[in-house]
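# Survey of secondary and tertiary structure
These are the residues of each chain, in order.
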Amino acid sequence: MKVTCLHTPESSKGLYAIVYDMERWPERTLKHRGWLVAARMVFIRPATVDEVQELEGAMRYTAFRYDDWQQVMNDEAKYGIDAEVCKRLGYVNDLSLVMLQVIHDC
């Protein structure tokens, strides 16, 4: 499962969205929300074990909206993710890259 962070400044729902398993969403929904624009992508990373377990029984597609970047950082931190590092890297294949970057920055 992948986690995608999008910048959505024109949305009345919030400036940022975290979308789980975006590649499984219906294309028409993604187009309608304007999420298929590459320039909107802030980062893509694999889901943590905790996120996968939380969403295991979800019956629908899951996305969360945030009013500002601080809210995204706070939510990602709950799962041990540094959103700033993910933002700098853009696409993360392996979460250990994020941890190595955090260690390197200290």
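These lines cover the structure that appears in this document, whether it is placed above or below. (Residues numbered from 1 in each chain as written. Predicted model: local features only at pLDDT ≥ 70, side-chain atom pairs only at ≥ 80, totals over all residues. Heavy atoms only, no water.)

This part is about helix 3 (residues 69-77). When we look at burial in helix 3, the residues that qualify are Trp69, Val72, Asp75 and Glu76. When helix 3 is viewed along its axis, its buried side chains cluster within an angular range of 125° and face the same direction. Elements that come into contact with the buried residues of helix 3 comprise strand 1 (2-7), strand 2 (16-20), strand 3 (41-46), helix 2 (49-55), strand 4 (63-66) and helix 4 (83-89). N-capping of helix 3 is provided by Asp68, with a side-chain oxygen placed 3.2 Å from the backbone N of Gln70. (Buried < 20%, exposed > 50% of the residue type's maximum accessible area, 1.4 Å probe, protein only. Helix = DSSP H or I, 4+ residues; strand = E, 2+ residues; numbered from the N terminus. Arc of directions from axis to C-beta. Contact = heavy atoms within 4.5 Å. Polar contact = N/O pair within 3.5 Å; in protein donor to acceptor, adjacent residues only side chain to side chain.)

With that settled, consider the environment of Asp21. Along the chain, the position of Asp21 falls in the loop between strand 2 and helix 1 (27-33). In sequence terms Asp21 and Lys2 are 19 residues apart; their C-alpha atoms lie 5.2 Å from each other. When residues no more than four places from it in sequence are discounted, the contact partners of Asp21 are Met1 and Lys2.

Take the side chain of Thr48 next. Locating Thr48 in the fold gives a position in the loop between strand 3 and helix 2. Judged by relative accessible area, Thr48 falls into the buried class, the value being 10%. Here Thr48 is in contact with Tyr79, Ile81 and Leu95, once residues within four sequence places are set aside.

Inspection of every chain in the model, using the stated rule, returns 6 salt bridges. The salt bridge partner of Lys31 is Glu27, with a shortest N-O separation of 3.2 Å. Here the residue Lys31 and the residue Glu27 both occupy positions in helix 1, the gap between them amounting to 4 residues, near one helical turn. A residue is classified by how much of its surface remains accessible, and Lys31, at 53% relative accessible area, is exposed. The exposure class assigned to Glu27 is partly exposed, which follows from its relative accessible area of 49%. Asp75 is the salt-bridge partner of Lys78, the closest N and O atoms lying 2.8 Å from each other. Within this structure, Arg45, Glu51 and Glu76 form a network of salt bridges that share partners. (Salt bridge = Lys/Arg side-chain N within 4 Å of Asp/Glu carboxyl O.)

That is the geometry; function is a separate question.
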